[in-house]
Amino acid sequence: MTNCTLWAVAAAAGLTAAIAAAAPRSEAPTGFDSRSNGVVDDSTHQADQATFDAVEAIADGLGPLYNAQSCRECHQNPTSGGPSQVTELRVGHRAPDGRFRNADIPIARGSVVISGRTLVNDRAICPNAAFPDSEIQERVPETETIRTTRASLNLLGDGLVEAIADETLLDLGREQRRTTHGEIHGQALRVPIVEAAGSTGVGRFGWKDQHASLLSFSGDAYLNEMGITNRLFPDEVTTLCNTVAEPNDEPDSTGFADIDRFARFMRATKAPARDTLLALTPKARTGSALFDKIGCAICHVRTLTTAAAGTTINGGTFTIPPALGEKTFHPFGDFLLHNVGTGDGIVMAMPEHYGRNVYNVAWRAFSLDSVARTRNKVRTAPLWGVRLRPRLMHDEASLTLRDAIVRHRGEASGVTQRFEKLPRRAQEAIIEFLKSL
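First, a word on scope: everything that follows refers to the structure included in this document.

**Regarding the overall build of the protein chain**
Counting its regular elements, the protein chain contains 13 helices and 16 strands. Here the C-alpha radius of gyration of the protein chain, 22 Å, is about what a compact globule of 437 residues would show, namely 22 Å. With respect to the principal axes defined by its C-alpha atoms, the protein chain has extents near 70 × 55 × 40 Å. Taken over 437 residues, the protein chain has a buried fraction of 57%. In the protein chain, once contacts between residues fewer than 6 apart in sequence are set aside, the share between residues at least 24 apart is 72%.

Structure representation (structure tokens):
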């Protein structure tokens, strides 16, 4: 066994053991049954799912620019909250100084320019009967030469992810650096908590780890993917063709707005379940051991444990309930940013993800330089539920598990080389193991 393989084995074993050592703890429930994990009762969870599934209309505030008419449209496989084949389009350009710059997208025959975003919306509500001569469809200009698509993410089990202590993720990055002598070094990025102005947390949601809070994540998606303004993101991307009062998302008689129900729905979802029958086969069990041996588990961390129930997170706006506290779960991911050779060159746009007033707030321990360093990094894709995805990696350009594995370069080069040196039978065992996740 080479020294590199030895540190890979030690690192994978050490990370898993260290993270799983917290006590007391219990296993988080798994399944695709659309039932609550205990955060709320099943009837409340089903009502929240109905809001998550609801189709938005122009009268509700849909658009003027948007990608989808419901959360479910992009997150539903095999049940609401799961991933999908739907992608979003992001673009930008490099300035003369070499730095990434957000896109400038002209609409309305060039009379209006959409800026401060990297997202290009695929749909628009007009021209329509009320605005027959309006032309607001976004199209990518030739100036935006950095272009990529990004896959819709799985949301199931994200309540557990939100409940991971910031320090756990920071420790993961430190341990990766220590055990691999800096070869693998996940970046834990502190990002704004939109509902708690001035507060930050370690990002974990989105391909660029742009959010640490599920409520922030919900408000962002409601505006940028559906065009629905809300209390966290009250400003339309464009007011052209807009006829609905702002914010579009108002609280109901219970005091809850849609974004609150979206966040509660995600917090109450069960973690993706494994194919337990396949996992018990000799081939998959052999592949599981090899997965650790060659170093895959350094980033695709098997086991994490959430913070204790009663812990206050998200700038004091959310307290971890017993259903999420001190739960052990198995995401096969570290929720950190890595350069694995597939980075798209895009840096997240601050106004898009944190609102137009983002630069007017003093965010604690937040660094724009740290954000800039994410240009060629993406979040480690958690492998729970990967067997249900026929298109892989952040851009869905890999169509087989083998394609995805050998595509890893950069920080993962050593691990990929060890995989490629394995006998074909051993490689197939690892792939069989992945099919059980």
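**Comments concerning the packing of aromatic side chains**
Evaluated as defined, the whole model comprises eight aromatic pairs. By the ring-pair criterion, three or more aromatic residues cluster together here, those being Phe 52, Tyr 222, Phe 262 and Phe 265. Positioned above the aromatic ring of Phe 318, the side-chain terminus of Arg 267 is 3.8 Å from the ring centre.

**Overview of the layout of surface pockets**
Estimates place the volume of the largest pocket at around 510 Å³. In terms of lining residues, the largest pocket is bounded by 33 residues, among which His 75, Glu 88, Phe 217, Ala 221 and Glu 225 are the most central. Contributions of two or more residues to the lining of the largest pocket are made by strand 3 (87-94), strand 8 (146-151), helix 5 (214-226), helix 6 (258-267) and helix 9 (350-354). Among the elements that make up the lining of the largest pocket, the one with the highest residue count is helix 5 (eight residues). Residues that form the lining of the largest pocket fall into these classes: 16 nonpolar, ten polar and seven charged. In this model, the second largest pocket occupies a volume close to 360 Å³. Around the second largest pocket sit 15 residues that line it, and Phe 100, Arg 101, Val 347, Leu 368 and Ala 372 are the ones nearest its centre. Of all the secondary-structure elements, those providing two or more residues to the lining of the second largest pocket are strand 4 (100-107) and helix 10 (368-372). Residue classes in the lining of the second largest pocket are distributed as nine nonpolar, two polar and four charged.

**Digging into the state of the cysteines**
Summed over the entire model, instances satisfying the criterion amount to one disulfide. Here Cys 126 is linked by a disulfide to Cys 241, with a sulfur-sulfur distance of 1.8 Å. Taking the torsion about the S-S bond as the criterion, the Cys 126 to Cys 241 disulfide, at about 75°, is right-handed. Note that Cys 126 is positioned in the loop between strand 7 (123-124) and strand 8 and Cys 241 in the loop between helix 5 and helix 6, a separation of 115 residues in sequence. According to the relative accessible area criterion, Cys 241 is buried, its value standing at 6%. No disulfide involves Cys 71; its sulfur sits 8.8 Å from the nearest other cysteine sulfur, which is in Cys 74. On the basis of relative accessible area, Cys 71 is assigned to the buried category, the value being 12%.

**Topic: the sheet that holds strand 1 (residues 26-27)**
Across a sheet, paired strands are connected by hydrogen bonds in the backbone, their directions being either parallel or antiparallel. Ordered in space as 1-14-11, the three strands form an open sheet in which the pairing is mixed. Bordering the open sheet on either side are strand 1 and strand 11 (304-305), each of which pairs with just one other strand. Note: strand 1 against strand 14 (residues 327-329), two bridges, orientation parallel. Its bridge partner being in strand 14, Ser 26 is matched across the sheet by Lys 327.

**Overview of the environment of Leu 399**
Summarising the element assignment, Leu 399 is placed in the loop between strand 16 (378-379) and helix 11 (401-407). Under the relative-accessibility criterion, Leu 399 is labelled exposed at 55%. Put simply, Leu 399 and Arg 389 are ten residues apart on the chain and 9.0 Å apart in space, counted from C-alpha to C-alpha. Once residues within four sequence positions are removed from consideration, Leu 399 is found in contact with Pro 390 and Arg 391.

**A few points about the pattern of salt bridges**
Throughout the structure, instances matching the rule amount to 25 salt bridges. Close ionic contact of Glu 73 with Arg 123 constitutes a salt bridge, the shortest N to O distance being 2.6 Å. Here Glu 73, found in the loop between strand 2 (65-66) and strand 3, pairs with Arg 123, found in strand 7; they are 50 residues apart in sequence, far enough to count as distant. Residue class for Glu 73 comes out partly exposed when judged on its relative accessible area of 30%. For Arg 123, a relative accessible area of 30% translates into the label partly exposed. Of the charged contacts, one joins Arg 90 and Glu 88 as a salt bridge, the two residues approaching to 2.7 Å between their closest N and O atoms. Accessibility expressed as a relative area gives 3% for Arg 90, which makes it buried.

Cut-offs and rules
- Residues numbered from 1 in each chain as written.
- Predicted model: local features only at pLDDT ≥ 70, side-chain atom pairs only at ≥ 80, totals over all residues.
- Heavy atoms only, no water.
- Helix = DSSP H or I, 4+ residues; strand = E, 2+ residues; numbered from the N terminus.
- Rg over C-alpha atoms; globule rule 2.2 N^0.38 Å.
- Buried < 20%, exposed > 50% of the residue type's maximum accessible area, 1.4 Å probe, protein only.
- Contact = heavy atoms within 4.5 Å.
- Phe/Tyr/Trp six-rings, centres within 6.5 Å; stacked < 30°, edge-to-face > 60°.
- Lys NZ or Arg CZ within 6 Å of the ring centre and 35° of its normal.
- 1 Å grid on protein atoms, 1.4 Å probe; cavity = no way out; pocket = protein on both sides within 12 Å on 5 of 7 lines; lining within 4 Å.
- Points joined across faces, edges and corners; volume = space filled by probe spheres on them.
- Nonpolar A, V, L, I, M, F, W, Y, C, P; charged D, E, K, R; others polar.
- Disulfide = S-S within 2.5 Å.
- Pairing = 2+ DSSP bridges.
- Salt bridge = Lys/Arg side-chain N within 4 Å of Asp/Glu carboxyl O.

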